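Structural characterization, general
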Amino acid sequence: MSSPDKCSCKEAFAKLDDYLCRELTPEEIARLEQHLCECINCANAYKFEGQMLECVKKKIEQIALPTDLRERVRAALDACKE
Amino acid sequence: MDRDKFESLLQPVLDVAYGYAYKLTGNQEDAMDLVQEASVQAFRSIGTFEEGTNFKAWFMKILTNKFYKSKARAARTGPTVSLEDAEDLFLYREAEKAGVRGTADEVLDKLDQESVQRAIESLPEEFRVVSLLYFLNDFTYEEIAQAAGIPLGTVRSRLHRGRKLLQKALWEMAEQRGLVSAAKGGVA
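Keep in mind that this is a model prediction, so the values were computed, not measured. (Residues numbered from 1 in each chain as written. Chains lettered and ligands numbered in written order. Predicted model: local features only at pLDDT ≥ 70, side-chain atom pairs only at ≥ 80, totals over all residues.)

**A word on the overall build of chain A**
Each helix and strand in chain A was counted, giving five helices and zero strands. Moving toward the C terminus, one meets the helices and strands of chain A in the order α-α-α-α-α. Relative to the compact-globule value of 12 Å for 82 residues, chain A shows a C-alpha radius of gyration of 22 Å, a clear excess of over 25%. Residues classed as buried in chain A amount to 17% of the 82 residues present. (Helix = DSSP H or I, 4+ residues; strand = E, 2+ residues; numbered from the N terminus. Rg over C-alpha atoms; globule rule 2.2 N^0.38 Å. Buried ≥ 20, exposed ≤ 12 C-beta atoms within 10 Å, placed from the backbone.)

Here's what the structure looks like:
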C-alpha cells in the first residue's frame, strides 16, 4: 500500500487530464511526477496520451486565412460605423 | 474603445478564429461569414469587454454563440462517432493490443492531416466545440468555459469524454485505412 503522502496509480490516472491541460498546482505536479518516476505503467500511459494530444494539435494546425477576409471584416466594421 | 484599438485586438486573433469557424462550419464560405458577423457583433458589444482581460476568449464566445444561432449549424450534417464511450486510454490500449508499444506517433503519424480533421469533425457538436477550443487555442479550462459559455465542470467532463471519443474515431480511421490491424496484431 502506498503511503498517504504518495500519489497512487488511481490518483495519477484521475489527474491525467488536468496534468495534460496544465491545470495542476506545482505541488500536485511534483507528487505526480514523483509517481511517474516510480511507475513505468503510468509513465507509459502519460507519455502516450501526451504524444497523442501533441500530434493532433500539429495535424489540425491553423489553415490559411483567405486573403480577402481581413478586408471583408474591415469593410463590415466601416459599414457598422456608418 | 475606439476603432483602431478594437482592430489592434481583433486582427491578431482572426487567423485562429477563422480556423475555428472553418472546423465548426465545415466550409470556407460559412466560416468567413461567421468570422465577419462575429467581428461586427464584437465591435458593437465592445462596451461589455473589460480591457486587460482575455480578448481572444471573449471573441471566441461571440463566435461560438453566432455559430449556435447560424444556418450553417442547422445545415451541417455528416457522420458522427458513436456516443458509446470508449474506455479510458482507448488508443493506448488498442495500440498495445496491436503491438505498437510506447509511442502514439507511430499510429498517428500514419494518419494524414485530413483524416485527423475528419475524426475531429465526427465528434458530436458539444464535444467538438470544447476540443477545438483546446486544440486550436491551447486555452485553459477557464478560457474554454468562457468561450463555450459553459461551467468549468462541464468543460472538464466534455474534454475528457471528447478525448476518448476522438481516440475511438482516430483508431477507426486508422483501421479503415488499413494502417493498423488490431485483429491480426501489428501496424501495417
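**Some points on the domain arrangement of chain B**
Residues and elements named next belong to chain B. Domains assigned within chain B are domain 1 (3-75) and domain 2 (90-176). Distance from the C-alpha centre of domain 1 to the C-alpha centre of domain 2: 23 Å. With twelve residues of domain 1 at the interface, the matching set in domain 2 holds 13 residues. Secondary-structure elements contributing two or more residues to the side of domain 1 that touches domain 2 are helix H2 (14-25) and helix H4 (55-69). A per-element tally of the side of domain 1 that touches domain 2 places H4 first, with six residues. (Domains from an automatic or database assignment. Contact = placed C-beta atoms within 7 Å.)

**Digging into the environment of B:Val129**
All names here are of chain B. When you line up the elements, Val129 lands in helix H9 (residues 125-137). Distance in space between the C-alpha atoms of Val129 and Leu159 is 9.5 Å, their sequence separation being 30 residues. The contact partners of Val129, leaving out residues within four places of it in the chain, are Thr64 and Ala148.

**Topic: unusual backbone geometry**
Residues and elements named next belong to chain B. Phi is positive for Leu89, which is not a glycine, with a value near 55°. When you line up the elements, Leu89 lands in the loop between helix H5 (71-75) and helix H6 (90-97). For Leu89, a count of 20 C-beta atoms within 10 Å gives the class buried. Here the phi dihedral of Asp138 falls at roughly 60°; this positive angle occurs in a residue that is not glycine.

**Thoughts on the packing of H9(B) against helix H11 (residues 152-176) of chain B**
All names here are of chain B. Running from N to C, H9 and H11 cross one another at 95°; their axes reach a closest spacing of 9 Å. Judged by the angle between their axes, H9 and H11 are roughly perpendicular. Residues Glu126, Phe127, Val130, Ser131 and Tyr134 of H9 form the contact with H11, whose own contacting residues are Val155, Arg158, Leu159, Arg161, Gly162, Leu165 and Leu166. Classifying every residue of the contact of H9 with H11 by side-chain character gives seven nonpolar, two polar and three charged. (Axes fitted to C-alpha atoms, helices over the stretch in contact; angles between N-to-C directions. Parallel < 35°, antiparallel > 145°, perpendicular 65-115°, else oblique. Nonpolar A, V, L, I, M, F, W, Y, C, P; charged D, E, K, R; others polar.)

**Some points on H2(B)**
Each full turn of the α-helix corresponds to 3.6 residues, which orients residues three or four apart in the same direction. All names here are of chain B. The terminal C-alpha atoms of H2 lie 16 Å apart, and with twelve residues this matches the ideal 16 Å at 1.5 Å per residue to within 8%. Burial of H2 is extensive: nine of the twelve residues sit out of reach of the surface. Those residues of H2 that sit buried are Ala17, Tyr18, Gly19, Tyr20, Ala21, Tyr22, Lys23, Leu24 and Thr25. Gly26 occupies a position one or two residues after H2 and carries a positive phi of about 85°. (Expected span 1.5 Å × (residues − 1).)

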